[in-house]
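Inside the fold
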Amino acid sequence: MRDATTGGPPDPAVLDLPFAVGEAASGPLTWAQSVMWDAMQWFGKEANQFNIGQPLVLAEPVGQARLLAALRDLIEAHQTLRTRYVARSGQPRQEVHASGAYDVVVADGHDDPPRVAEELAGRLAETAFDHEAEWPLRVGCVVDGDGRVTAVALVGSHLAFDGWAFHTFVDLLLAGLTGERGQPEPASAAAVGPPVGAEPAAGGGVPQALEQAAFEGSPAGQQQSRLGLRHWEQGLSTAPASMFDLPRAATGDQPIERHLLDSAAVAAAAAALAARTRTSFSTVLLCLTTLVLTAYNGHDTAVLKLITGNRLDRRSRDLIALNTLDALLAFTVPRDVDLLTAIRQTHRPAFDAYRRAQCDPRAVRTVVEEVGRRRGVSFDLSTYFNNGHRGNDWAVTGPEPGPDRLAELRAGSRYTRLDPLPRSDMKFMVAASNAGEGICRLGLLVDTTYLPGALGETIVRGIETLLCDAVADEIRVAEIPDRIGLTPAVRGADWVRTPAGWVRPADVAELVREAAGGVEVAVLAAGPAPDTGLTAYVADASAVPEELHRRVLDLLPGRTGVAAPDGYVACVAAPPAGAGPDAWRGVPVAARGPGRLA
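To keep things clear, this report deals only with the structure shown in the data block. Predicted model, so just to flag it, every value in this text is computed and none were measured. (Residues numbered from 1 in each chain as written. Predicted model: local features only at pLDDT ≥ 70, side-chain atom pairs only at ≥ 80, totals over all residues. Heavy atoms only, no water.)

In terms of burial, strand β9 (residues 149-156) is a largely internal element, eight of the eight residues being buried. Examined bridge by bridge, strand β4 (residues 52-62) and β9 share seven bridges and lie antiparallel to one another. Looking at the pairing, glycine 53 lines up with valine 155 of β9. Connecting strand β8 (residues 137-143) to the antiparallel partner β9 that follows it, the hairpin turn spans five residues, and glycine 147 within it adopts a positive phi of roughly 80 degrees. (Buried < 20%, exposed > 50% of the residue type's maximum accessible area, 1.4 Å probe, protein only. Helix = DSSP H or I, 4+ residues; strand = E, 2+ residues; numbered from the N terminus. Pairing = 2+ DSSP bridges.)

What follows is the structure, given as structure tokens:
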């Protein structure tokens, strides 16, 4: 053992865990890894929020040698556990090592193993992973007075693990420690889609991330990607540019708020509604998420990214690697129906979104940009839904719970407001996971620049309310705001509704003014909502509409509540001061041009 100088309390000792197997190998990142790689580069040191940790208290103590042997078996069997993620010539790659060593931190916990294990897991998760210098798994163990292991602390990098892979790894480690051999549970009904890859693992053995990357680059993988890209293009052709075309609020330096609701009532009610509608637990929560959000922001069409695992076959279920991608859901939200009908109408669009999730994310970015420029918008796809439970966690096994039982379960619900964050690449995310003992952990992240902080608790508690009420009563979609105490966003009369969503013409005018070099500009709306058209009048006879439009498109990214005008008019001069906006329509015209690229 040697000292691990990390500061704070007396430092734990560290065990060396060497491994050696096969040959080294390397290859490109998988599609899923490349998505997470980009996110982690953006977050930098704040990427520690992606760490996946779990303290694991053992039913019976085991010797340290047994723990090391069980860990070594898994490290040698699964490439992910001996992979470094590196940038070579500007491109990220995964490098699998044939040999190396892990550090296993040892902490004295004979007085309280659960507490010490939780604290140790917290310490191991404090910093972001340095993927070029360390393995993507940090391991610690808690020992009793005889040196036997009573608990294990595990922290994985999200670049290497998704929730499924991490919990599968934990199951395999427990099996190695107890001598039992268990299998992962069946894939979730939410994760509907093609298998991870068409080819089995080499030699019929353990599936590996490098094999997945090879499949994605194969003709079969590229065909799968083309089908997914077609789904993205079709969905974005009519989707609003953003779910957050709202008046912005002033916030402090920690605008990202996070809310948790641990609720057995959510688990029981959502499972009951899924059985009644013959859909899925995920569809029920997804439907409620879209209905509540669009009730607030005043949209008829919802556009979300669905975090998707699609572990449908044995090979994908056994893959210890990150396997989640973003699926696109863009669909018209049911309005003049009851909640159960809305759930049924959500199921097919969600099914199609999950089914087409497996595609090259870099090609997805190209499609998003090309469709956006064609439509004169910059898409803000920062609304997420993540159904993270495994298999039939909350399958209905008996009679539906009645109102009294649901009220009893709701009495035990626990709401928590986590520490806020300075930034996130998400403006809104609802996530569901299994907290054990029949409890669904419903998480919500909101950017308070667009959604007031108090709205977070209203939404998570409101979802619970709607689920429970819908088990006993018929709820109309139009009733949702009043049922949960949700006050829809208020836009002033200076906002108009267009095919791109809600737009503030004054902000569009400011955008065009910037693109035109500061000359006087007016943006006028014409036509009934939601098909309102915008025309930009520019007091510059030398302005070329096509060139001006391209400059406007270049300035769009990162802005909400704006879109490129549908047309541009280069005017000889501005109307007289005080003449009013409509006077722009009567001034001499030097040139006209469309606000859409051919």
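This brings us to the sheet that holds strand β10 (residues 256-263). The mixed open sheet is built from seven strands, whose spatial order is β12-β11-β13-β15-β16-β10-β14. Looking at the sheet topology across the chains shown, the edges are occupied by β12 (325-332) and β14 (414-421). Each adjacent strand pair in this sheet contributes to an overall mean axis angle of 25 degrees, direction not counted. Relative to β14, β10 runs antiparallel, the two sharing six bridges. The residue of β14 that forms the bridge with isoleucine 256 is leucine 421. Sitting on the sheet, helix α7 (residues 264-277) touches β10 and β16 (439-447), and the angle it makes with β10 is about 75 degrees. (Axes fitted to C-alpha atoms, helices over the stretch in contact; angles between N-to-C directions. Contact = heavy atoms within 4.5 Å.)

Moving on: the packing of aromatic side chains. For the coordinates displayed, the defined rule picks out nine aromatic pairs. With a centroid separation of 5.2 Å and 85 degrees between ring planes, the pair formed by phenylalanine 43 and phenylalanine 50 is classed as edge-to-face. Geometrically, the ring pair formed by phenylalanine 161 and phenylalanine 166 is edge-to-face, given 5.6 Å between the ring centres and 90 degrees between the ring planes. The class for phenylalanine 161 is buried, based on a relative accessible area of 0%. The class for phenylalanine 166 is buried, based on a relative accessible area of 1%. Taken together, the ring pairs in this structure connect Phe19, Tyr102 and Trp135 into an aromatic cluster. Geometry around tryptophan 42 places arginine 423 over its ring, the cationic atom sitting 4.2 Å from the centre. Its end group placed over the ring of tryptophan 495, arginine 491 keeps NZ or CZ at 5.9 Å from the ring centre. (Phe/Tyr/Trp six-rings, centres within 6.5 Å; stacked < 30°, edge-to-face > 60°. Lys NZ or Arg CZ within 6 Å of the ring centre and 35° of its normal.)

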